[in-house]
Amino acid sequence: MAIYYFNCSRNRHLLNSRLHHHHHPLVSSRSAPAAGPSSLLSPYHNQHSSPADKENGAIMRSSMFSTYIGAFRVSWLAKLPCRGRWFSSADLPSHTILPMPALSPTMNQGNIVKWRKEEGDKIEVGDVICEIETDKATLEFESLEEGFLAKILAPEGSKDVHVGQPIAITVEDLDDIQNVPATVSTGLEAREEKTMESDVQDQGKKQKTGFSRISPSAKLLIVTHGLDVSLLRSTGPRHTLLKGDVLAAIKSGSASSRTSDSPQQGISGSPMSKSVPTGTSSSESSAHLHPPEKQEDLPNSQIRKVIAKRLLESKQNIPHLYLSSDVILDPVLAFRKDLKEQRGVQVSVNDIIVKAVALALRSVPEANAYWNDERGEPALCESIDISIAVATEKGLMTPIVRDADKKTLSAISLEIKELAAKARTGKLAPGEYQGGTFSISNLGMFPVDQFCAIINPPQACILAVGRGNKVVECTVGSDGTEKPGIATKMSLTLSADHRVFDGSVGGRFLAALTLNFNEVQRLLL
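The structure contained in this document is the topic of the report that follows. (Residues numbered from 1 in each chain as written. Predicted model: local features only at pLDDT ≥ 70, side-chain atom pairs only at ≥ 80, totals over all residues. Heavy atoms only, no water.)

## Considering the layout of surface pockets
Empty space within the largest pocket amounts to approximately 1,000 Å³. Every residue lining the largest pocket is counted, 40 residues in all, and those nearest its centre are Arg310, Thr398, Ile455, Asn456 and Pro457. When contributions to the lining of the largest pocket are tallied by element, the ones reaching two or more residues are helix 7 (302-317), strand 16 (369-372), strand 19 (390-392), strand 20 (395-397) and strand 22 (438-442). A total of nine residues in the lining of the largest pocket trace back to one element, the largest contributor, which is helix 7. (1 Å grid on protein atoms, 1.4 Å probe; cavity = no way out; pocket = protein on both sides within 12 Å on 5 of 7 lines; lining within 4 Å. Points joined across faces, edges and corners; volume = space filled by probe spheres on them. Helix = DSSP H or I, 4+ residues; strand = E, 2+ residues; numbered from the N terminus.)

## Overview of the nonpolar core
Grouped together as the largest cluster of nonpolar side chains are 57 residues, with contacts concentrated most on Val357, Ile386, Phe438, Phe501, Phe509, Leu513 and Phe517. Among the elements that make up this core, the one with the highest residue count is helix 9 (residues 349-363) (nine residues). Those residues in contact with Leu513 that sit more than four places away from it in its chain are Ala356, Val357, Ala360, Leu463 and Leu492. By size, the runner-up hydrophobic cluster in this structure holds 18 residues, among which are Leu103, Leu149, Ile152 and Ala168. (Core = buried A, V, L, I, M, F, W, Y, C linked by side-chain atoms within 4.5 Å. Buried < 20%, exposed > 50% of the residue type's maximum accessible area, 1.4 Å probe, protein only. Contact = heavy atoms within 4.5 Å.)

## Some words on the pairing of strand 9 (residues 138-142)
With five of its five residues buried, strand 9 lies for the most part within the structure. Going residue by residue along strand 9, you find Thr138, Glu140 and Glu142 tucked away on one face and Leu139 and Phe141 tucked away on the opposite face as well. Sheet topology places strand 8 (residues 128-133) next to strand 9; five bridges connect them, and they run antiparallel. Across the sheet, Val128 pairs through a bridge with Glu142, a residue of strand 9. (Pairing = 2+ DSSP bridges.)

## Quick look at the sheet that holds strand 23 (residues 461-476)
Read across the open sheet, the six strands follow the order 15-24-23-22-18-21; overall the sheet is mixed. Both outer strands of the open sheet, strand 15 (320-328) and strand 21 (400-401), are each paired with one neighbouring strand and no more. Pairing geometry for strand 22 and strand 23, over four bridges, is parallel. Opposite Ile440, over in strand 23, you have Leu463 as the bridge partner.

## Considerations on the side chain of Gln459
The residue Gln459 is located in the loop between strand 22 and strand 23 in this model. Within the structure, the side chain of Gln459 is placed 3.4 Å from the backbone oxygen of Gly435, a separation counted as a polar contact. Here Gly436 takes part through its backbone oxygen, which lies 3.4 Å from a polar atom of the side chain of Gln459. Once residues lying within four places of it in the same chain are set aside, the contact partners of Gln459 are Ser387, Gly435, Gly436, Thr437, Phe438 and Ser439. (Polar contact = N/O pair within 3.5 Å; in protein donor to acceptor, adjacent residues only side chain to side chain.)

## Here's the deal with unusual backbone geometry
With an omega dihedral of 10 degrees, the bond running from Pro457 to Pro458 counts as a cis peptide bond. Along the chain, Pro458 falls in the loop between strand 22 and strand 23. Here the phi dihedral of Asp160 falls at roughly 50 degrees; this positive angle occurs in a residue that is not glycine. When you line up the elements, Asp160 lands in the loop between strand 10 (147-152) and strand 11 (161-162). The backbone of Asp403 shows a phi angle near 50 degrees, a positive value even though the residue is not glycine. Topologically, Asp403 is positioned in the loop between strand 21 and helix 10 (409-425).

## Comments concerning the sheet that holds strand 6 (residues 109-115)
If you trace the four strands from one edge of the open sheet to the other, you get 9-8-6-11, paired in antiparallel fashion. Two strands close off the open sheet at either side, each with one partner strand: strand 9 and strand 11. When strand 6 meets strand 8, the two strands line up antiparallel, connected through four bridges. Residue pairing for strand 8: Asn111 is matched across the bridge by Glu133.

## A word on helix 9
Each turn of an α-helix holds 3.6 residues, which means side chains three or four residues apart point in the same direction. Compared with an ideal rise of 1.5 Å per residue, which puts 15 residues at 21 Å, helix 9 spans 21 Å between its outermost C-alpha atoms and is within 8% of the ideal. Of all 15 residues that make up helix 9, twelve are buried, and the element is covered over most of its length. The set of residues buried in helix 9 consists of Asn350, Asp351, Ile352, Ile353, Val354, Lys355, Ala356, Val357, Ala358, Leu359, Ala360 and Leu361. (Expected span 1.5 Å × (residues − 1).)

## Concerning the packing of helix 9 against helix 10
Direction vectors running N to C along helix 9 and helix 10 enclose 120 degrees, while the axes themselves pass 9 Å from each other. With respect to the hand of their crossing, helix 9 and helix 10 are arranged in right-handed fashion. Contact with helix 9, carried on its side by Asn350, Asp351, Ile352, Val354 and Lys355, involves Leu409, Ile412, Ser413 and Ile416 of helix 10 and no other residues of that element. Here the contact of helix 9 with helix 10 is built from residues that sort into five nonpolar, two polar and two charged. (Axes fitted to C-alpha atoms, helices over the stretch in contact; angles between N-to-C directions. Left-handed = near helix turned anticlockwise from the far one by under 90°. Nonpolar A, V, L, I, M, F, W, Y, C, P; charged D, E, K, R; others polar.)

## Remarks on helix 7
Taking 1.5 Å per residue as the helical rise, helix 7 with its 16 residues ought to reach 22 Å, and the 22 Å between its terminal C-alpha atoms agrees with that figure. Among all positions of helix 7, only Gln302, Ile303, Val306 and Ser314 are buried. In a view along the axis of helix 7, the buried residues occupy a sector of 95 degrees, so they form one face of it. For helix 7, exposure combined with an orientation more than 90 degrees from the buried face picks out Lys309 and Gln316. The inward-facing, buried residues of helix 7 abut strand 6, strand 8, strand 15 and strand 20. (Arc of directions from axis to C-beta.)

## Observations concerning the environment of Gly157
Take Gly157: it is sitting in the loop between strand 10 and strand 11. Accessibility expressed as a relative area gives 42% for Gly157, which makes it partly exposed. Residues Gly157 and Ile132, 25 residues apart in the sequence, show an inter-C-alpha distance of 9.7 Å. The residues contacting Gly157, other than those within four sequence positions of it, are Ile112 and Val113.

## Describing the environment of Leu515
Counting through the fold element by element, Leu515 comes out in helix 11 (residues 503-518). Accessibility expressed as a relative area gives 34% for Leu515, which makes it partly exposed. Leu515 sits 155 residues away from Ala360 along the chain, and the two C-alpha atoms are 8.7 Å apart.

Structure (structure tokens):
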């Protein structure tokens, strides 16, 4: 019989000291019993425990996680089962199981990017054990206890490891490492074997029955070529015979033509058995016989999976309103040149756009809002926080310049550079990319004149910025006469939630933004 209880005395002192230091109240001191991984060792159920055992352990405790990212430290409370210490009469010594932590509020699974500690290494309090890729960024998992890393259950490169799933085993004494078996079951193998067994059974059933459904195009090919349907194998969902299955059979010659029976017998009762064309052109037949092109599947990162899901939800659930306007970029370029030559301040056009957008949102506060689903009405945002789209190898990240309307151009420029560098290396803290009230997507560095961006929920607006192009414009001289001139124009496209924005709000915002570009000295106020 195995008895399981939590050894939280050391953690309790550590957690209380850290919470007191960071002025965070302990969320809860006790809640429901925590379930350990039964495939490793069966926990002695709480109902069979003595009152002393119940008092000492078998509780859920809010664990403090601190993540060091560059020179910043981010701390938050993650409700996770306390690491359990297991005592058993089996071969395993006293040990602690490390579960996959929830390193962000929306995280339900993660990937093991890199193990900082190897099996047999000494672990001190505060040591980074491994790097975990969440649905937001790559974060560091910090140890709260001393010990030795005895066994890594989720090796480096493990994908889609669910929160709470065991990823490692630690022991207190170095000598106990040799008593940990080389292979330890985590319960995943049993589920995988069961899934594989189910797949094999389904495959055997499919081979016996052939197919249960057939697509219209596949039906036409069968009748046209007079194929033996008993030799065809389906690959579609729910044993559906697809057009590609028939074409593959024709190419390989595995489905010979039937001579004694009519080809319609295998698919009788269908509309195609009543009226079918008697022949096809040679060009159509040769087109069907072309083999499919080879393709390579590229694995998705956790970030790209979340991006794909939210973009789809955005287009499906948010009524997008698109408003476009062209602005003259020459005053901005001249202003940028003067800042560099006269004041030694070097800023980019994107920095100026961020400042101009922030001041336009201050002038039109109705544009700095979001849709409140609970109340069914727009809600104004208290601060102006601009999200900047940054392309990274793992996907598009949107670090945030908070209170952008209150910051100088040089401060905005410096902050954007730091945030962009962190985003490209996967070192953004949750507070640096969560939230935001307005997004900017700038493709001006590419040959993109104009595009429409997709709203980043829960925000209600995103501004798409194209490149600047020199065009011939009609200008008015000092004497009042009109004459042709060359100007640099930049296209801006506003994608807005039509539940929050109407044409009037969007028009007033673009008017205020255009004014900031024309009278660029306003950005210094």
